[in-house]
Amino acid sequence: MSVRTLPLLFLNLGGEMLYILDQRLRAQNVPGDKARKVLNDIVSTMFNRKFMEELFKPQELYSKKALRTVYDRLAHASIIRLNQASMDKLYDLMTVAFKYQVLMCPRPKDVLLVTFNHLDAIKGLIRDSPAILNQVDETFQQLTEVYGGLSAGEFQLIRQTLLIFFQDLHIRVSIFLKDRVQNSNGRFVLPVSGPVPWGTEVPGLIRMFNSKGEEVKTVEFKHGGNYVAAPKEGSFELYGDRVLKLGTNMYSVNRPVETHMSGASKNLASQTQESIAPNPLAKEELNFLARLLGGMETKKPSDPEARFRLNLFATEEEEEQAALTRPEELSYEVINIQATQDQQRSEELARIMGEFEITDAPRQSASKGDDLLAMMDEL
């Protein structure tokens, strides 16, 4: 397991979350100023400097439920509210999309290009906010510093860690089904055509060498695919052509998106108790959440009337039906963190509150962290 996986997992899932929220804001005809506020607030919280510092510390991945709690907090960092069914669907779409991208990466290193595609698109969503754009650029520099010098083997370990995290996740998504990249059982279809990974040759030729390293014979074979050489390598610079399209916004054109549990996922759900246990988190996971949530600043709108509910379903009836039919084991209820129960945890939170100060840019109605314990108890 790689201890450098968490930043890539969080940023890519966060990028997918922003794509989906942007699409739903447009579909529900939310006024432009409100939609911009929602995206700006969430991106500003997501790329908070202290939060990024905690995120980039070498650490192992934690449970899906622990990360789900962070995304629930992040999705509600502005004036929108999602009920349980919509939040479940949002998280399903996020995770399935990124799993597909990781599976389809030509090289393990290309997961970094996928991340850069997400950051590029996020910058497009908040292009009118220079201070927030600067936060995203700072994170890009952090990614370059941390991952720029990693070997192919280290990237392979990161990719393997991500795939283990997504193992047994077989949720069917209508876009993938219509594009025929996902089967009816929720498993993805691996392509047998298209460009090969950069730096490799199109299959079809076997070369044989003697003991002196001299080529003595070649044999051609039929590989059964339709491969071509990669035109060029994607750019790892701040601005450049990524070449790879994985991680770009597949919701840029309005398309209805539905999710369905596959039979395999339902069977798996009946065998696991992770999601319904009263408190499944180990102590280190609670400390992890305390550090992460301590670095996230929640925007409190001065006008409570400004809040509105966002529905990830086409109708209220569909949302209600989804809540009723979803297996209880797969409904990620938000973890209730009682921050005052454990003395050591309280001391950790007190330390975070003492250090928590945002000076990146002035923000209206920004919490300074003095009510962090109360906020965490309300989660």
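Please refer to the structure higher up on the page.
Residues numbered from 1 in each chain as written. Predicted model: local features only at pLDDT ≥ 70, side-chain atom pairs only at ≥ 80, totals over all residues. Heavy atoms only, no water.

Colleague: Please provide a residue-by-residue account of the overall build of the chain, values included.
Modeller: Helices and strands together make up the secondary structure of the chain, namely 14 helices and eight strands. The buried share of the chain, taken over its 379 residues, is 49%. Of the contacts formed within the chain by residues at least 6 apart in sequence, a portion of 79% connects residues at least 24 apart. Here the chain displays about 18,200 Å² of accessible surface, and carbon together with sulfur accounts for 50% of that area. (Helix = DSSP H or I, 4+ residues; strand = E, 2+ residues; numbered from the N terminus. Buried < 20%, exposed > 50% of the residue type's maximum accessible area, 1.4 Å probe, protein only. Contact = heavy atoms within 4.5 Å. Areas by Shrake-Rupley, 256 points an atom, 1.4 Å probe, with all protein chains shown as cover.)

Colleague: So what's going on with the layout of surface pockets? Which residues, and what values?
Modeller: In this structure, the largest pocket encloses a volume near 670 Å³. What lines the largest pocket is a set of 29 residues, among which Met 104, Pro 106, Pro 195, Val 196 and Leu 244 lie closest to the centre. If you list the elements that add at least two residues to the lining of the largest pocket, you get α5 (84–104), α6 (110–125) and β3 (193–195). (1 Å grid on protein atoms, 1.4 Å probe; cavity = no way out; pocket = protein on both sides within 12 Å on 5 of 7 lines; lining within 4 Å. Points joined across faces, edges and corners; volume = space filled by probe spheres on them.)

Colleague: Just give me the short version of a nonpolar patch on the surface, but keep the residues and values in it.
Modeller: A cluster of nonpolar residues, Ile 206, Met 208, Val 216 and Phe 221, forms a patch on the protein surface that exposes about 340 Å² of accessible area. With respect to the secondary-structure elements, Phe 221 resides in the loop between β5 (215–220) and β6 (226–228). For Phe 221, a relative accessible area of 38% gives the class partly exposed. (Patch = residues over 30% accessible without salt bridge, like charges linked within 9 Å, V, L, I, M, F, W, Y side chains within 5 Å. Salt bridge = Lys/Arg side-chain N within 4 Å of Asp/Glu carboxyl O.)

Colleague: Explain the environment of Ala 77 residue by residue, including any values.
Modeller: Within the fold, Ala 77 resides in the loop between α4 (64–75) and β1 (80–81). For Ala 77, a relative accessible area of 1% gives the class buried. Separated by 32 residues in the primary sequence, Ala 77 and Thr 45 place their C-alpha atoms 7.0 Å from one another.

Colleague: Which residues make up unusual backbone geometry, and what values do they have?
Modeller: Here Asn 29, not a glycine, exhibits a phi torsion of approximately 55 degrees, which is positive. Note that Asn 29 resides in the loop between α1 (6–27) and α2 (32–46). Phi is positive for Asp 168, close to 70 degrees, though the residue is something other than glycine. Within the secondary structure, Asp 168 is located in the loop between α8 (152–165) and β2 (171–173). Asp 168 sits in the partly exposed class, given a relative accessible area of 39%.

Colleague: Give a description of the nonpolar core that names residues and reports values.
Modeller: In terms of nonpolar packing, the biggest core is built from 80 residues, with Leu 9, Phe 10, Met 17, Tyr 71, Leu 90, Phe 98 and Tyr 147 touching the most fellow members. When residues in this core are grouped by element, the largest group, twelve residues, is from α1. With residues near it in sequence (within four places) discarded, Tyr 71 still touches Leu 9, Phe 10, Leu 13, Gly 14, Met 17, Met 87, Tyr 91 and Met 94. (Core = buried A, V, L, I, M, F, W, Y, C linked by side-chain atoms within 4.5 Å.)

Colleague: Could you give an account of α1, with specific residues and numbers?
Modeller: For α1, built from 22 residues, the straight-helix expectation of 32 Å at 1.5 Å per residue is met to within 8% by its first-to-last C-alpha distance of 31 Å. The buried fraction of α1 is high, at 20 of 22 residues. At the C-terminal side of α1, Asn 29 shows a positive phi close to 55 degrees. (Expected span 1.5 Å × (residues − 1).)

Colleague: Kindly report on the packing of α4 against α5, identifying the contributing residues and their values.
Modeller: At a closest axis distance of 11 Å, the pairing of α4 and α5 adopts a crossing angle of 115 degrees. It follows from the interaxial angle that α4 and α5 lie roughly perpendicular. Between α4 and α5 lies a crossing whose hand is right-handed. Of the residues in α5, those touching α4 at Lys 64, Leu 67, Arg 68, Tyr 71, Asp 72 and Ala 75 are Gln 84, Met 87, Asp 88, Leu 90, Tyr 91 and Met 94. Taken together, the residues of the contact of α4 with α5 break down into seven nonpolar, one polar and four charged. (Axes fitted to C-alpha atoms, helices over the stretch in contact; angles between N-to-C directions. Parallel < 35°, antiparallel > 145°, perpendicular 65-115°, else oblique. Left-handed = near helix turned anticlockwise from the far one by under 90°. Nonpolar A, V, L, I, M, F, W, Y, C, P; charged D, E, K, R; others polar.)

Colleague: Got a sec to walk through the packing of aromatic side chains? Specific residues and values, please.
Modeller: Applying the stated criterion to the full structure yields ten aromatic pairs. Note on Phe 116 and Phe 236: the rings are 6.3 Å apart at their centroids and 75 degrees apart in plane angle, and the pair reads as edge-to-face. Of the two residues, Phe 116 sits in helix α6 while Phe 236 sits in the loop between β6 and β7 (259–261), which places them 120 residues apart along the sequence. A ring pair is formed by Phe 176 and Phe 188, whose centres lie 5.5 Å apart and whose planes are at 85 degrees; its orientation type is edge-to-face. Residue Phe 176 is found in helix α9 (residues 174–178), and its partner Phe 188 is found in the loop between α9 and β3; the two are separated by twelve residues along the sequence. (Phe/Tyr/Trp six-rings, centres within 6.5 Å; stacked < 30°, edge-to-face > 60°.)

Colleague: For α4, give the residues involved together with the corresponding values.
Modeller: Spacing of three or four residues puts side chains on the same side of an α-helix, whose turn is 3.6 residues. Taking 1.5 Å as the rise per residue, α4 with twelve residues should run 16 Å; its terminal C-alpha atoms sit 16 Å apart, in good agreement. Most of α4 sits out of view: eleven of its twelve residues are buried. Those residues of α4 that fall on the buried side of the exposure criterion are Lys 65, Ala 66, Leu 67, Arg 68, Thr 69, Val 70, Tyr 71, Asp 72, Arg 73, Leu 74 and Ala 75.

Colleague: Can you break down the pairing of strand β4 (residues 205–209) residue by residue, with the values?
Modeller: Bridge count between β4 and β5: five bridges; the pairing is antiparallel. By the bridge assignment for β5, Ile 206 is matched with Val 219. The loop that links β4 with its antiparallel partner β5 comprises five residues; one of these, Gly 213, has a positive phi angle of about 85 degrees. (Pairing = 2+ DSSP bridges.)

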